[in-house]
Amino acid sequence: MKNANSIRTIANRYASQLQLCDPKNPIASSLSRTVHAHMISSGFKPRGHILNRLIDVYSKTSKLIYARQLFDEIPQPDIVSRTTLIAAHSASGNLKLARDIFSKTPLQMRDTVFYNAMITAYSHNNDGHAAVELFCDMRRDNFKPDNFTFTSVLSALALVVGEEKQCMQMHCAVVKSGTGLFTSVLNALISVYVKCASSPFVSSRSLIGAARRVFDDMPKRDELSWTTMITGYVKNDDLEAAREFLDGMNEKLGVAWNALISGYVHHDFYQEALEMFRKMLMLGIQLDEFTYTSVISACASAGLFQLGKQVHAYLLRTEAKPTLDFSLSVNNALLTLYWKCGKIDEARVIFNQMPVRDLVSWNAILSAYVSAGRIDEAKSFFGEMRERNLLTWTVMISGLAQNGFGEDGLKLFSQMRLEGFEPCDYAFAGAITSCATLGVLGNGRQLHAQLVKSGYESSLSAGNALITMYARCGVVEAASCVFYTMPNVDPVSWNAMIAALGQHGDGVQAIELYERMLKKGILPDRITFLTVLSACSHAGLVEEGRRYFDSMHGLYGITPGEDHYARFIDLLCRAGKFSEAKDVIESMPFKPGAPIWEALLAGCRIHGNMDSGIQAAEQLFQLIPQHDGTYVLLSNMYATLGRWDDVAKVRKLMRDRGVKKEPGCSWIEVENKVHVFLVDDTVHPEVQAVYEYLEQLVLEMRKLGYAPDTKFVLHDMESDQKEHALSTHSEKLAVAFGLMKLPHGVTIRVLKNLRICGDCHNAFKFMSKVAGREIVVRDGKRFHHFRNGECSCGDYW
């Protein structure tokens, strides 16, 4: 008896010591291990509640391995230790081990608390179906659910609910169980109704109404009750009801106000969000990081930089010692505000001064550099990042593609995959855009196949990128096929397809597609009009172009910008309507800039309008003196008229100003390799064979009537020298190489950085007939499809 009393005394002492091991205390882990070690060294063998207490402390202090070892050493663990360990495995995210303990527990040992632990484990780990299924098993096994059971299973049901019947069945179960007086249960029930209302297969109005009735009948409400209802209205796009609901609150709960402000921002009602923020300040409602994050996001999205700066200043004055969580979320929002408003360097200063950063912070600055076109800095910053996620790679790949670094974009896409990241549809879109930039059709087709294999063929962003890629690689039929098979299209899709048709000379089809877009109720934007005006310009559709230009402001309230005026003037000048073009220039509401004069000069070059051409060139010499295109066009105009002295003066002016002409360059993809040719090329390893092949080809062309047009030689030289100079143009070499290397019947696709030469344009018509091939050439302005001696442009270019 004495021995039993002694053991009981020792056990009570250890139990008292373990009671001091509060899991919230940082020293709890070491203290519990000290007590445990003392038990072992003293020979004391703990049982029952002491073992359970040790398991509980170890579990809650992240020493799960010790807890499991103790549990495994118990011959017959009781229900308390089993429940404790299920909760611990749940907290660590290991549902398999939790379920293993649950399944091995005999039915006669289980109780409601035990079931609650496993249902909660499923709920917390987002496995809603398993939680609901276990709840049904629990009832079949005649265990009575309590308020904790219903709170957990309703939270789980909210993850997967999709039918009104499920909501009603669980609501009935709550009423029958008598747990309908518990606030936590009713909050969870409201959440189920609200989540189900977002399903496309139900009547959202009916379900939100049911949620409101539960709310109105609640004997007691808390912050979560109000917030869940407001969030429900917001998520179901009923912001007016959410506002009325908020205005009817007796308490001014900051959480509820934050929910509505966030809803306004999410639905782009920025002024309403900012007005709510002002009212919060006036009413003295406590602001937190969620308030500031939403308000700063509203300022960023609405471009209200000064107001955003004021909020920033207010933050600095009122939040002297913010918590790290507060600081992180608010500073991330500030980074986005500053970079979206073009203040990249200020955003970097905020980033450098942040006491704590996460991947969102790093991605924000990377996005800032990319959006500003500061690619070198973006590359450097990307290299500094120790951690990257899929968004990081996607931002960088897309940035490289959109800023003309297509080759770097494709390399980075491959590197991303090598490092174990599976691309999303946006990453594919960036890589496909890189192919469009480079004009590499083979790579683009491979990416299209991979896109389909990955299940992203219905992606809007990827589909739009494919339209542009195929169009810029000269396969407008494939672009059209992608467009017409996309399950969903947006204005970007329509704009891309209209632009594709226009670039390929299908102006009539382009405006037919535009008219079809209008009939579908899709309103054009400023980009739409740029594509339509370009299509009209390439096809010489003057009357149509004039009508569309006038409709911009007259029908759609879109004020034409300088880029729209430039396209319209280009249309008029290509058609030789210089008098009307000058009238348009004089009527513009702003002073004409370089794009206007470039359009006029290009038209003068086509029609040999020397006087207007000189006038336009003089304006350009003042506006963009280092741009080589002005000097080249003016020099070409003089050369066409044989005014060689004036040609020499223009070239001397270029030398004096240090302006260098961009060399003509053409490239073609053969067997997944891009071959580049320059004018008078001597570098390509097979160029001598190309010259010999071209010489034989020209002999065949001459039999059909081809004669080199030496007026396109822009140097004063002998006739035979002029003919030789024409034969060394880069586009001729690239086309000849394609005819040599590609199998018979395969289309020749060549890309050139500058406008195609007139003699080359004529030569390719004969080549297409002699070789029996389609030849597609993309120059700096448009596409030319040469088939059987004719060009798709109808010689209007």
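Residues numbered from 1 in each chain as written. Predicted model: local features only at pLDDT ≥ 70, side-chain atom pairs only at ≥ 80, totals over all residues. Heavy atoms only, no water.

### So, the overall build of the chain
Of the regular secondary structure elements, the chain holds 42 helices and six strands. The burial tally for the chain puts 49% of its 797 residues in the buried class. A fraction of 63% describes how many contacts in the chain between residues 6 or more apart in sequence connect residues 24 or more apart. Just so you have it, the chain exposes about 38900 Å², and 52% of that area is on carbon and sulfur atoms. (Helix = DSSP H or I, 4+ residues; strand = E, 2+ residues; numbered from the N terminus. Buried < 20%, exposed > 50% of the residue type's maximum accessible area, 1.4 Å probe, protein only. Contact = heavy atoms within 4.5 Å. Areas by Shrake-Rupley, 256 points an atom, 1.4 Å probe, with all protein chains shown as cover.)

### Observations concerning the pairing of strand β3 (residues 748-752)
A large share of β3 lies buried, amounting to four of its five residues. In this sheet, β3 lies alongside strand β1 (residues 665-670) in antiparallel orientation, the contact comprising three bridges. Paired with Ile668 across the two strands is Val750, which belongs to β3. Bridging between β3 and strand β4 (residues 775-778) involves four bridges; their strand directions are parallel. Its bridge partner lying in β4, Ile748 is registered against Ile775. Viewed along the sheet, the connection from β3 through helix α42 (residues 758-771) into β4 turns out right-handed. (Pairing = 2+ DSSP bridges. Right-handed = clockwise from strand over helix to strand, strands pointing away.)

### Some words on the environment of Met118
Relative to the elements of secondary structure, Met118 occurs in helix α7 (residues 112-124). For Met118 and Thr149, which are 31 residues apart along the polypeptide, the C-alpha to C-alpha distance reads 9.9 Å. Apart from residues no more than four positions distant in its own chain, Met118 is found in contact with Ile86, Leu95, Ala98, Arg99, Phe102 and Leu134.

### So, the pairing of β4
Along β4, one buried face is formed by Ile775 and Val777 and the opposite face, lined by Val776 and Arg778, is buried too. Counted between consecutive antiparallel strands, the loop separating β4 from strand β5 (residues 783-787) contains four residues.

### Quick look at helix α23 (residues 390-402)
Between the first and last C-alpha of α23 there are 18 Å, a value that for 13 residues agrees with the 18 Å anticipated at 1.5 Å per step. A large share of α23 lies buried, amounting to ten of its 13 residues. Burial in α23 covers these residues: Thr392, Trp393, Thr394, Val395, Met396, Ile397, Ser398, Gly399, Leu400 and Ala401. Residues of α23 that are buried in the fold lie against α21 (359-371), α22 (375-384), α24 (406-418) and α25 (425-438). (Expected span 1.5 Å × (residues − 1).)

### Side note on helix α11 (residues 183-197)
Helix length check: α11 (15 residues) gives 21 Å between terminal C-alpha atoms against 21 Å at 1.5 Å per residue, within 8%. For α11, a buried count of 13 out of 15 residues is recorded, marking the element as mostly surrounded by other parts of the structure.

### Topic: unusual backbone geometry
Trans is the common state for peptide bonds, and a negative phi is the common state for residues other than glycine. The backbone of Asn126 sits at a positive phi, close to 65°, despite the residue not being glycine. Mapping Asn126 onto the fold places it in the loop between α7 and α8 (128-140). A relative accessible area of 60% means that Asn126 is categorised as exposed. Of note, Asp237 is a non-glycine position whose phi angle comes to about 60°, a positive value. As for its position among the elements, Asp237 is in the loop between α13 (223-235) and α14 (239-247).

### A closer look at the pattern of salt bridges
Summed over all chains, the structure comprises 20 salt bridges. The partner of Asp100 in a salt bridge is Lys104, and the shortest N-O contact between them spans 3.4 Å. Judged by relative accessible area, which is 28%, Asp100 ranks as partly exposed. Residue Lys104 is classed as exposed on the basis of its relative accessible area, which comes to 59%. The partner of Arg546 in a salt bridge is Glu580, with the nearest N and O atoms 2.8 Å apart. Of this pair, Arg546 sits in helix α32 (residues 542-556) while Glu580 sits in helix α34 (residues 578-587), and the two are 34 residues apart along the sequence. The buried category is assigned to Arg546, whose relative accessible area is 18%. Overlapping salt bridges bring together Asp345, Arg374 and Glu377 as one network. (Salt bridge = Lys/Arg side-chain N within 4 Å of Asp/Glu carboxyl O.)

### A look at the packing of helix α19 (residues 324-340) against α21
Where α19 contacts α21, the axes come no closer than 10 Å and their chain directions differ by 5°. With respect to α21, the element α19 is oriented roughly parallel. Taken together, the residues of α21 that come into contact with α19 (itself represented by Leu328, Asn332, Leu335 and Trp339) are Val360, Ser361, Ala364, Ile365, Ser367, Ala368 and Ser371. (Axes fitted to C-alpha atoms, helices over the stretch in contact; angles between N-to-C directions. Parallel < 35°, antiparallel > 145°, perpendicular 65-115°, else oblique.)

### Describing a nonpolar patch on the surface
A grouping of Val674, Val676 and Leu678 is seen on the molecular surface, where their side chains present a nonpolar patch of about 210 Å² in accessible area. Residue Leu678 is classed as partly exposed on the basis of its relative accessible area of 38%. (Patch = residues over 30% accessible without salt bridge, like charges linked within 9 Å, V, L, I, M, F, W, Y side chains within 5 Å.)

### Notes on the sheet that holds β5
The mixed open sheet is built from six strands, whose spatial order is β2-β1-β3-β4-β5-β6. Two strands bound the open sheet, and with one partner strand each, they are β2 (673-678) and β6 (790-791). When β1 meets β2, the two strands line up antiparallel, connected through six bridges. Bridge assignment links Ser666 to a residue of β2, and that residue is Phe677. Across the sheet, helix α41 (residues 730-741) is in contact with β1, β2, β3 and β4; its angle to β1 comes to roughly 15°.

### Quick notes on the environment of Cys473
Looking at where Cys473 falls in the secondary structure, it is placed in the loop between α27 (460-472) and α28 (476-485). Once residues lying within four places of it in the same chain are set aside, the contact partners of Cys473 are Cys435, Gly439, Val440, Leu441, Arg749 and Phe783.

### Observations concerning the packing of aromatic side chains
Inspection of the entire model under this criterion finds 31 aromatic pairs. Ring plane angle 75° and centroid distance 4.9 Å describe the contact between Phe215 and Trp226, whose orientation is recorded as edge-to-face. Here the residue Phe215 occupies a position in helix α12 (residues 204-216), and Trp226 occupies one in helix α13, the gap between them amounting to eleven residues. Trp226 carries the same exposure label as Phe215, and that label is buried. Members of the aromatic cluster, joined through ring pairs, are Phe102, Phe114, Tyr115 and Phe143. Taking NZ or CZ as reference, Arg388 lies 3.9 Å from the ring centre of Phe382, over its face. The ring of Tyr548 has Arg547 lying over it, and the distance from NZ or CZ to the ring centre is 5.0 Å. (Phe/Tyr/Trp six-rings, centres within 6.5 Å; stacked < 30°, edge-to-face > 60°. Lys NZ or Arg CZ within 6 Å of the ring centre and 35° of its normal.)

### Details of the state of the cysteines
By the definition in use, this model includes zero disulfides. Distance from the sulfur of Cys196, which forms no disulfide, to the nearest cysteine sulfur (Cys167) is 3.7 Å. Residue classification places Cys196 among the buried positions, given a relative accessible area of 0%. (Disulfide = S-S within 2.5 Å.)

### Let's talk about the side chain of Ser768
Structurally, Ser768 is set in helix α42. Within the local environment of Ser768, its side chain forms a polar contact with the backbone oxygen of Lys765, the two atoms lying 2.7 Å apart. In terms of polar contacts, Ser768 uses its side chain to reach the backbone amide nitrogen of Gly789, at 3.0 Å. Beyond its immediate chain neighbours, meaning those up to four positions away, Ser768 contacts Arg773, Ile775, Phe786, Arg787, Asn788 and Gly789. (Polar contact = N/O pair within 3.5 Å; in protein donor to acceptor, adjacent residues only side chain to side chain.)

### A look at the environment of Gly658
Relative to the helices and strands, Gly658 resides in the loop between α38 (644-656) and β1. Taking C-alpha positions, Gly658 is 9.9 Å from Asp628, a pair spaced 30 residues apart along the chain.

By themselves, these are just geometric observations and shouldn't be taken as functional.
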